[in-house]
Amino acid sequence: MVQIVDGRPSWDEYFMQMAQLTAQRSTCLRRKVGAVIVKDKHIIATGYNGAPRGLKHCVELGGCLREKLKIPSGQRHELCRALHAEQNAIIQAATLGQSIEDGTIYITHQPCAICAKMIINAGLKRIVVKEGYPDDLSVEILDEAGLKIVMLDK
């Protein structure tokens, strides 16, 4: 349920809506994911999943390799052409010279184990997601690091 304060969405809902908007730029054919990194209620960086800068998107190459190989969601990320939304947001912040340590990342979907490790090393302290993702190792790694995933109600 959306928490409305004085007729306005909560900060978590507000920034999640920004992540959902960012996801609309995704070029992934399987799942559109958006991420927004926030520090002190200011947006530091955004990211969506898609091919690296200047490279062709899967649709331009005739489809998703992982789909063609029938690889289940959450497995064999190394065969994916795209960077994940979290990765792109962290890279954007680094490119801009913005510290994200102690910040919050809002992601439309739970991070995979690779992104979880990047989130930990980037020093982010809070993770807010809208939907789950089939990667138990991610949850285990984040739990060990003392990071809990906050799931917003749909």
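Residues numbered from 1 in each chain as written. Predicted model: local features only at pLDDT ≥ 70, side-chain atom pairs only at ≥ 80, totals over all residues. Heavy atoms only, no water.

1. Observations concerning the sheet that holds strand E4 (residues 42-48)
Each strand in a sheet pairs with its neighbour through backbone hydrogen bonds, running either in the same direction (parallel) or in the opposite one (antiparallel).
Next, step 1: Across the sheet, five strands lie side by side as E4-E3-E5-E6-E7; this open sheet has mixed pairing. For this open sheet the edge positions go to E4 and strand E7 (149-151), each flanked by a neighbour on one side alone. On average, adjacent strands in this sheet sit at an angle of 20 degrees to one another, irrespective of strand direction. (Pairing = 2+ DSSP bridges. Helix = DSSP H or I, 4+ residues; strand = E, 2+ residues; numbered from the N terminus. Axes fitted to C-alpha atoms, helices over the stretch in contact; angles between N-to-C directions.)

2. Side note on the UniProt feature "active site" (unreviewed entry) in the chain
Next, step 1: Feature annotation in UniProt assigns "active site" (unreviewed entry) to the following positions: Glu86.
Next, step 2: Relative to the elements of secondary structure, Glu86 occurs in helix H3 (residues 85-95). (UniProt positions renumbered as here; feature names shortened; annotations may be inferred.)

3. Some words on the pairing of strand E5 (residues 104-109)
Next, step 1: E5 sits mainly inside the fold: six of its six residues count as buried.
Next, step 2: In the sheet, strand E3 (residues 34-39) pairs with E5 via four bridges, with the strands oriented antiparallel. Paired with Val36 across the bridge in E5 is Tyr106.
Next, step 3: One crossover worth recording links E5 to the parallel strand E6 (residues 126-131) by way of helix H4 (residues 113-122), and it is right-handed. (Buried < 20%, exposed > 50% of the residue type's maximum accessible area, 1.4 Å probe, protein only. Right-handed = clockwise from strand over helix to strand, strands pointing away.)

4. Some points on the nonpolar core
Next, step 1: In this structure, Ile37, Ile100, Ile105, Ile107, Ile119 and Ile127 are the most contacted members of the largest nonpolar core, which totals 20 residues.
Next, step 2: Examining the composition of this core, we find that four residues originate from one element, H3, more than from any other.
Next, step 3: Ile119 has contacts with Glu86, Ile90, Ile105, Ile107, Pro111, Leu124, Ile127 and Leu147, leaving out every residue within four places of it along the chain.
Next, step 4: With eight residues, the next largest nonpolar core counts Met16, Tyr106, Val128 and Leu152 among its residues. (Core = buried A, V, L, I, M, F, W, Y, C linked by side-chain atoms within 4.5 Å. Contact = heavy atoms within 4.5 Å.)

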